[in-house]
Amino acid sequence: MNVIHRGRREFLLASASVVGETLLSRGAEASVARALSLGELLYESRHVLVGTAIDSYANWEEIGKRRAIVTYSLFRVEEALDGRGAPAPEITIRTLGGSVGDIGQTFHGEAVVALNERATVFVHDAAPNLYVVTAMAQGHYPLIPDARGVHRLHAGFTSVAIPDLPDAAMRRLDGRTTPEAAELIAREVDVGSR
C-alpha cells in the first residue's frame, strides 16, 4: 500500500469511526420511492458537485437493530453546478451497501458512488464533513461519454420503479452535459428565489 493510499484509507476510517454510531443510531424505515422534481432535489440538497470517487472503504455497521455494509467514498470535487461552491476540494460521501471481504450487499434504490467514475451528485449533510446523496440514486448521475465522446449525465435509477413524471429531475437531467445541467439548475434556483 502506498503512502497516499494509506493516508486516504486512514482518513476514511477515522471519518467512519467518528460519525458511524451517530449517523446510524436511528431505526431503519421502509419507504415508497417517488420521483422528485428538480426543484425538490435542489431544495433538499446542500451542494451539486461534479467529481470522482478516488478512494472508498466499506465496513459493517449497526443500522437500527441489524448489521449492514456501509461505504465511505472520498470524492474529489472538480466543480459545483449550483452556484453555492464546493464545501472542500474532497468530501466524504456515505452510502448504504458495498462489499466487505467476500460479502456484498445492495440497498435497492441507493446511489452507487463507483470508484474512479466521474459523476454529478446532489448531496446534503449527514454530519460535520460527511455527506449523503440526496434522494438516494435520484441524486446521482454518472457522467458517461456518448458516441462523440461528450460526457452526459446518466440517470441510472433503474433498480426501483418510479413513475415517469415529466418534471422529474431524473427525466430533466438525463442526457444533459454538465453546462446544460448547470443552466437548468440556475433557472430552477432563480424561479425558487422569487
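A few points on the structure. (Residues numbered from 1 in each chain as written. Predicted model: local features only at pLDDT ≥ 70, side-chain atom pairs only at ≥ 80, totals over all residues. Heavy atoms only, no water.)

What to know about the pairing of strand β1 (residues 47-63)
Phase 1: Burial within β1 is extensive, with 13 of its 17 residues counted as buried.
Phase 2: One ladder, built from six bridges, connects β1 with strand β6 (residues 118-127); its direction is antiparallel. Note on β6: the bridge partner recorded for T52 is R118.
Phase 3: The sheet contact formed by β1 and strand β2 (residues 66-80) spans 14 bridges and is antiparallel. Among the inter-strand pairings, A53 is bridged to a residue of β2, identified as F75. (Buried < 20%, exposed > 50% of the residue type's maximum accessible area, 1.4 Å probe, protein only. Helix = DSSP H or I, 4+ residues; strand = E, 2+ residues; numbered from the N terminus. Pairing = 2+ DSSP bridges.)

Some remarks on the side chain of T71
Phase 1: Note on placement: T71 falls in strand β2.
Phase 2: In this structure T71 comes out as buried when scored by relative accessible area, which is 12%.
Phase 3: At a separation of 2.6 Å, a polar atom in the side chain of T71 contacts the main-chain carbonyl oxygen of G97.
Phase 4: If we ignore the near neighbours within four places in the chain, the residues touching T71 are S56, Y57, A58, I93, R94, T95, G97 and G98. (Polar contact = N/O pair within 3.5 Å; in protein donor to acceptor, adjacent residues only side chain to side chain. Contact = heavy atoms within 4.5 Å.)

A word on the pairing of strand β8 (residues 140-145)
Phase 1: In this structure, β6 lies alongside β8, joined through three bridges in antiparallel fashion. Across the sheet, A119 pairs through a bridge with P142, a residue of β8.
Phase 2: Where β8 meets strand β9 (residues 151-153), three bridges bridge the pair, whose relative direction is antiparallel. Among the inter-strand pairings, P145 is bridged to a residue of β9, identified as H151.
Phase 3: Taking the residues that link successive antiparallel strands as the turn, the β8-β9 hairpin has five residues, and the phi of G149 there is positive, at about 85 degrees.

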